[in-house]
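Analysis of the macromolecular model
Spelled out from the first residue to the last, the chains are:
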Amino acid sequence: MRDTMGIIYTGESNISLREITLRRSVAALPFGGRYRVIDFTLSNMINSGIINVGLITQNNYHSLMDHLDSGKQWDLDRKSGGLFILPPYVSSDNTGWYRGEIDAYHSNMSYIRRSPQKYVVISGSSMVCNLTYDDAMEFHKDNMADITVIYKQEKNTTKKELSRHTLIRTDEQNRIWDIEVKPATPMSDKISMEMYILDKKLFEYLIEECVARGQYDLNKDIFIKNKEKLRILGYPYNGYLAKIDSIHSYFKHNMELFDLDNHYELFHHAGPVYTKVKDEVPAKYGDNSIVENSLVADGCIVEGSIENCVLFRGVKVAKGAVVKNSIIMQETEIQEKAVLENVILDKEVIIRKGKQLIGQESYPVVIRKSAII
Amino acid sequence: MVTKKCVAMLLAGGQGSRLGVLTKNTAKPAVPFGGKYRIIDFPLSNCTNSGIDTIGVLTQYKPLKLNSYIGIGQPWDLDRLNGGVSILPPYMKQSAGEWYSGTANAIYQNIEFIDTYKPEYVLILSGDQIYKMDYSEMLEFHEEKKADVTIAILEVPWEDASRFGIMNTDDENQIYEFVEKPKKPISNKASMGIYIFKWKKLRKYLIEDQNTSTSTNDFGKDIIPKMLKDGEHMFAFPFKGYWRDVGTIQSLWEANMDLLEEAPELDLYDHGWRIYSRNPVEPPHFIALGANVRRCIITEGGIIYGDVYHSVLFSGVTIGRGSKIHNSILMPNVKVGENTVIENAIIAENTVIGDNCYIGYKARTEEDNKQDVKESEITVIGENLVLPSGFKLDKGIMIDADNFRAYQAVV
């Protein structure tokens with residue numbers, strides 16, 4: 001797919017992610033023990049053979065830039081193409097604060113125009129999955145689509161759960177005839193994965209058209225308005241999908257990784273997931289450690305007991321500490337005899353000797369970065 | 001060309017025949033160590049951490065894995081505009097090609113490489129040792145003493161001294177006596193095989209040595225004794241800390257087991273002196289419900305259903321339900337089925353072991369456990385083997401793809 005460029009928009013709202021996105025965007029959120037959410041989106045593009053990727057930033061993007069660096073870890077330090085990080089900027093016709101996703105694309109139009117590729121894959125950054133775009137691209141070309149929207153049908157999901165998403169309705173020919181954005185009463189169970197394939201020229205045209213009319217919402221102003229005029233098709237994805245948009249979904253999807261089917265689908269299915277290498281030592285277990293149903297990254301030292309936990313790199317669990325159903329981010333230290341249940345500890349937190357923190361599965365306790373308790 | 005003060009030459013061509021099946025298809029420096037490393041990560045990381053950024057790696061024996069592992073040196077931050085890491089295999093000359101016939105000869109054949117950087121000093125390293133060392137301190141010592149050669153030394157137990165190059169030094173650490181592998185050691189100051197030479201001096205001796213037909217072209221046997229005889233300025237740099245030559249099955253096994261101590265002498269957690277390696281692209285390891293992991297190190301990509309005790313597991317190792325792994329080293333991507341027992345074993349890369357196997361059979365009695373594990377008790381299985389379910393292998397046996405069927409029949 002060398003004739004395709006990728007654009008990733010990372011300006012999603014992160015209000016429902018509470019403390020863990022105070023200082024980072026959703027894209028930079030640690031996920032699955034050693035990754036950031038963005039690693040999945042980027043790896044999907046790399047594994048599809050896309051070598052020109054533009055990444056649009058908006059909220060708190062320092063953590064994201066630190067993570068991405070030159071793009072080397074994703075093999076995106078290329079002479080032709082590679083990774084372009086596109087932060088907001090101020091100029092005579094640009095305030096630096098995007099009025100919507102369309103405004104963000106418009107602000108980076110010179111990069112988009114200059115890119116030599118014929119097609120463009122647009123992706124948000126809050127959908128965690130492992131796929132390549134090859135099949136969808138073939139489908140897009142074979143069916144003469146103007147726009148292809150990748151979706152996942154979730155048959156066994158509650159209406160409440162569905163109403164978090166943008167939903168599409170398709171006919172037998174996969175043509176999208178209705179789109180609803182976070183509807184109160186969902187009429188469909190097909191979730192738009194916020195990944196679109198279209199001709200770059202068409203994309204440029206649609207963006208210019210919208211901006212000229214002061215319209216900035218991708219779903220409402222492009223997809224819904226053009227659903228009759230353009231051939232907008234849906235392409236189904238059947239693998240594991242996690243949308244990270246709230247503490248609840250963040251917690252739930254991390255815990256789902258203990259199921260080896262999900263584990264395989266997310267970490268190996270279409271290709272490997274690349275991330276920043278930290279050169280940590282392998283994880284080490286002590287004489288009395290009790291470990292069950294947990295994901296443990298390198299650099300951890302576990303002497304206590306953990307169950308249903310995701311331990312990011314460099315976490316220490318001291319003797320006698322008991323940790324259950326929890327997500328513990330990088331370099332956090334849990335001292336002797338501490339008891340934790342249903343908690344999310346951000347990076348570099350210290351839980352002192354004997355302290356207890358018990359949250360609920362439906363509402364985990366969240367501790368911000370570098371807190372000492 | 002930017003001139004470099006000190007160029008490192010890493011001797012990585014040895015066959016390492018004492019490691020048996022582990023080096024059958026791999027050069028010794030590429031042998032996996034410590035859960036995620038290969039032996040060569042240690043000298044390479046030491047160089048980077050010591051500020052030495054120009055390294056020639058001399059390869060000869062089965063270099064494929066080693067070459068692809070080193071690549072352009074990016075994991076060690078050695079992908080540099082000037083210098084970086086260069087792989088130096090033997091090459092054809094106008095009249096004929098010539099293998100590296102000894103450690104000194106390998107450097108001799110690469111005089112041109114070193115000359116391009118116009119270094120003042122050359123650091124000679126081996127590719128079969130596990131240690132952390134700041135070469136810049138040794139270099140400082142070398143400059144301070146205005147030495148022609150500085151040899152890093154370690155005080156070893158007297159009973160081991162006859163395996164090393166042994167020297168005597170005066171109060172100023174000047175060397176006045178040197179014997180390679182003496183039957184009756186005169187001291188316990190052992191050469192670690194790490195030298196810093198003044199390049200001009202070494203260059204002269206290399207050429208001389210090459211023209212001496214009786215020479216074996218070896219640093220320990222020829223160059224160092226000759227320099228001592230000529231009265232050159234030679235000093236010993238005392239090293240303190242963890243250092244292991246992992247050239248045998250026993251020493252490789254022990255050095256791995258050393259990492260399982262509560263506070264290992266070799267501190268790998270020091271962020272100021274990281275040991276870099278080429279990281280596999282794998283998710284965190286997963287310990288399943290019902291698994292038991294104690295006193296062990298496990299790295300990314302592993303999936304563990306069974307019991308693992310006092311062992312080192314490399315990336316991508318899977319252990320089936322009911323299996324028991326004890327006192328063993330499982331190298332990258334080893335797959336173990338269900339209800340299999342593995343004791344005191346080293347299993348090389350990509351080997352698959354079926355269900356209900358027993359590796360290291362009749363391993364150790366209660367009485368044996370009071371003593372250290374001996375080389376004759378360590379079972380070694382070569383790479384890329386598939387052992388069928390029910391396979392039993394006695395302790396102390398070494399097998400690979402060529403001979404494993406014979407053992408299956410015996411048991």
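Please read these numbers as outputs of a predicted model, since none were measured by experiment.

The next thing to look at is the pattern of salt bridges. Counting across every chain of the model gives 43 salt bridges over all chains. Among the salt bridges present, the one from Lys118 of chain A reaches Asp199 of chain A, with a minimum N-O distance of 3.1 Å. With Lys118 of chain A in the loop between helix H4 (109-114) and strand E6 (119-123) and Asp199 of chain A in strand E11 (residues 190-199), the pair connects residues that are 81 residues apart, well separated along the chain. What makes Lys118 of chain A partly exposed here is its relative accessible area of 45%. In this structure, the salt-bridge partner of Lys319 of chain A is Glu262 of chain B, at a minimum N-O distance of 3.3 Å. Linking Lys319 of chain A in the loop between strand E19 (316-317) and strand E20 (322-328) with Glu262 of chain B in the loop between helix H8 (249-258) and strand E14 (285-287), this pair reaches from one chain into another. The structure contains a network of salt bridges with shared partners spanning Glu161, Arg164, Asp245, Lys252 and Glu256 of chain A.

All right, on to the sheet that holds E19 of chain A then. Strand order across the open sheet formed by 11 strands is E24(A)-E21(A)-E19(A)-E17(A)-E14(A)-E16(B)-E19(B)-E22(B)-E25(B)-E28(B)-E31(B), with mixed pairing between neighbours. Whereas interior strands pair on both sides, the edge strands pair on one side only; in this sheet they are strand E24 (350-351) of chain A together with strand E31 (398-399) of chain B. Strand direction decides the pairing type here: strand E14 (residues 283-285) of chain A and strand E17 (residues 301-302) of chain A, joined by 2 bridges, are parallel. Residue pairing for E17 of chain A: Lys284 of chain A is matched across the bridge by Ile301 of chain A.

Residue and element names in this part refer to chain B. Pairing is parallel in the open sheet, where 6 strands are placed in the order E15-E18-E21-E24-E27-E30. Looking at which strands have only one partner, the edges of the open sheet turn out to be strand E15 (292-294) and strand E30 (392-394). Pairwise comparison of adjacent strand axes, ignoring direction, gives a mean angle of 15 degrees for this sheet. Relative to strand E21 (residues 324-326), strand E18 (residues 307-309) runs parallel, the two being bridged by 3 bridges. Of the residues in E21, the one forming a bridge with Asp307 is Lys324.

Moving on, we get to helix H1 (residues 41-50) of chain B. Residue and element names in this part refer to chain B. In terms of burial, H1 is a largely internal element, 9 of the 10 residues being buried. All of the buried residues along H1 are Asp41, Phe42, Pro43, Leu44, Ser45, Asn46, Cys47, Thr48 and Ser50. Phi turns positive one or two residues past the end of H1, at Gly51, with a value near 85 degrees.

What follows covers helix H5 (residues 135-144) of chain B. Residue and element names in this part refer to chain B. Of all the positions in H5, only Tyr135, Met138, Leu139, Phe141 and His142 are classed as buried. Looking down the long axis of H5, one finds its buried residues gathered within 160 degrees of arc, a one-sided arrangement. Opposite its buried face, H5 presents the exposed residues Glu140 and Glu144, each directed more than 90 degrees away. Looking one or two residues past H5, Lys146 carries a phi angle of roughly 50 degrees, positive in sign.

Let's shift gears to the packing of helix H6 (residues 199-210) of chain B against helix H7 (residues 219-229) of chain B. Residue and element names in this part refer to chain B. Two numbers describe how H6 lies on H7: the axes approach to 11 Å, and their chain directions differ by 115 degrees. The element H6 and its partner H7 pack so that their crossing is right-handed. In this structure, H6 contributes Lys201, Leu202, Tyr205, Leu206, Glu208 and Asp209 to the contact, and H7 contributes Phe219, Asp222, Ile223, Lys226 and Met227. Of the residues belonging to the contact of H6 with H7, the class tally is 6 nonpolar, no polar and 5 charged.

The next point concerns the side chain of Arg295 of chain B. Here Arg295 of chain B lies in the loop between E15 and strand E16 (296-298). Not counting residues up to four positions away in its chain, the partners in contact with Arg295 of chain B are Lys284, Tyr285, Gly286 and Asp287 of chain A together with Leu260, Glu261, Glu262, Tyr309, His310 and Ser311 of chain B.

Counting residues at the interface gives 41 residues for chain A and 42 residues for chain B. Between chain A and chain B, roughly 3400 Å² of surface is buried when both sides are summed, and carbon and sulfur atoms account for 51% of that area. Contact with chain B buries surface across chain A, with Asp279, Lys284 and Tyr285 of chain A losing the most and accounting together for 20% of the total. The closest approach of N and O atoms between Asp298 of chain A and Lys36 of chain B, which form a salt bridge, is 3.1 Å. Applying the counting criterion to the chain A and chain B interface returns 27 residue pairs in polar contact (both at pLDDT 80 or more). Elements represented by at least two residues in the side of chain A that touches chain B include exactly helix H10 (260-267), E14, strand E15 (290-292) and strand E16 (294-296) of chain A.

Looking now at the pairing of strand E1 (residues 6-11) of chain B. All names here are of chain B. Of all 6 residues in E1, 6 are buried, a share of seventy percent or more. Where burial is concerned, the two faces of E1 agree: the one with Cys6, Ala8 and Leu10 and the one with Val7, Met9 and Leu11 are both buried. Here E1 pairs with strand E6 (residues 121-126) via 6 bridges, running parallel. When the bridges of E6 are listed, Cys6 appears paired with Tyr121. Two elements, E1 and strand E4 (residues 54-58), share 4 bridges in a ladder whose sense is parallel. For Ala8, the partnering residue across the bridge sits in E4 and is Ile55.

On to the domain arrangement of chain A, then. Residues and elements named next belong to chain A. Here chain A is partitioned into domain 1 (4-267) and domain 2 (284-367). Here domain 1 and domain 2 have C-alpha centroids that lie 32 Å from each other. Taken together, the contacts link 20 residues of domain 1 with 25 residues of domain 2. In this assembly, domain 1 packs against domain 2 so that about 1800 Å² is buried in total across both faces, 67% of it on carbon and sulfur atoms. Broken down residue by residue, the surface that domain 1 buries against domain 2 is led by Gly33, Phe251 and Phe258, which jointly contribute 34%.

As a further point, take unusual backbone geometry. Phi at Lys337 of chain A takes a positive value of approximately 60 degrees, unusual for a residue other than glycine. Locating Lys337 of chain A in the fold gives a position in the loop between strand E21 (333-334) and strand E22 (339-341). In this model, Asn350 of chain B sits at a positive phi of 60 degrees, which is unusual for a non-glycine residue. By secondary structure assignment, the location of Asn350 of chain B is in the loop between strand E25 (345-347) and strand E26 (352-353). Looking at Asn350 of chain B, the relative accessible area reads 34%, which means it is partly exposed.

For the rest of this paragraph, the subject is the environment of Ile397 of chain B. All names here are of chain B. The topology assignment puts Ile397 in the loop between E30 and E31. Judged by relative accessible area, Ile397 falls into the buried class, the value being 17%. Between the alpha carbons of Ile397 and Pro182 there is a distance of 32 Å; along the sequence they are 215 residues apart. Setting aside anything within four residues of it in sequence, one finds Ile397 in contact with Ile378, Thr379, Val380 and Tyr407.

A few words now on the nonpolar core. Of all hydrophobic cores here, the largest spans 52 residues; its most connected members are Leu311, Ile334 and Leu345 of chain A together with Ile359 of chain B. Only E14, strand E18 (305-311), E20 and strand E23 (343-345) of chain A together with E16 and E25 of chain B provide two or more residues apiece to this core. By residue number, the principal contributor to this core is E18 of chain A, which donates 3 residues. Residues Val57, Tyr121, Ile166 and Ile196 of chain B belong to the second largest nonpolar core, which totals 43 residues.

Basis of the calculations
Residues numbered from 1 in each chain as written. Chains lettered and ligands numbered in written order. Predicted model: local features only at pLDDT ≥ 70, side-chain atom pairs only at ≥ 80, totals over all residues. Heavy atoms only, no water. Salt bridge = Lys/Arg side-chain N within 4 Å of Asp/Glu carboxyl O. Helix = DSSP H or I, 4+ residues; strand = E, 2+ residues; numbered from the N terminus. Buried < 20%, exposed > 50% of the residue type's maximum accessible area, 1.4 Å probe, protein only. Pairing = 2+ DSSP bridges. Axes fitted to C-alpha atoms, helices over the stretch in contact; angles between N-to-C directions. Arc of directions from axis to C-beta. Left-handed = near helix turned anticlockwise from the far one by under 90°. Contact = heavy atoms within 4.5 Å. Nonpolar A, V, L, I, M, F, W, Y, C, P; charged D, E, K, R; others polar. Buried area = accessible area lost by both parts, 1.4 Å probe. Polar contact = N/O pair within 3.5 Å; in protein donor to acceptor, adjacent residues only side chain to side chain. Domains from an automatic or database assignment. Core = buried A, V, L, I, M, F, W, Y, C linked by side-chain atoms within 4.5 Å.

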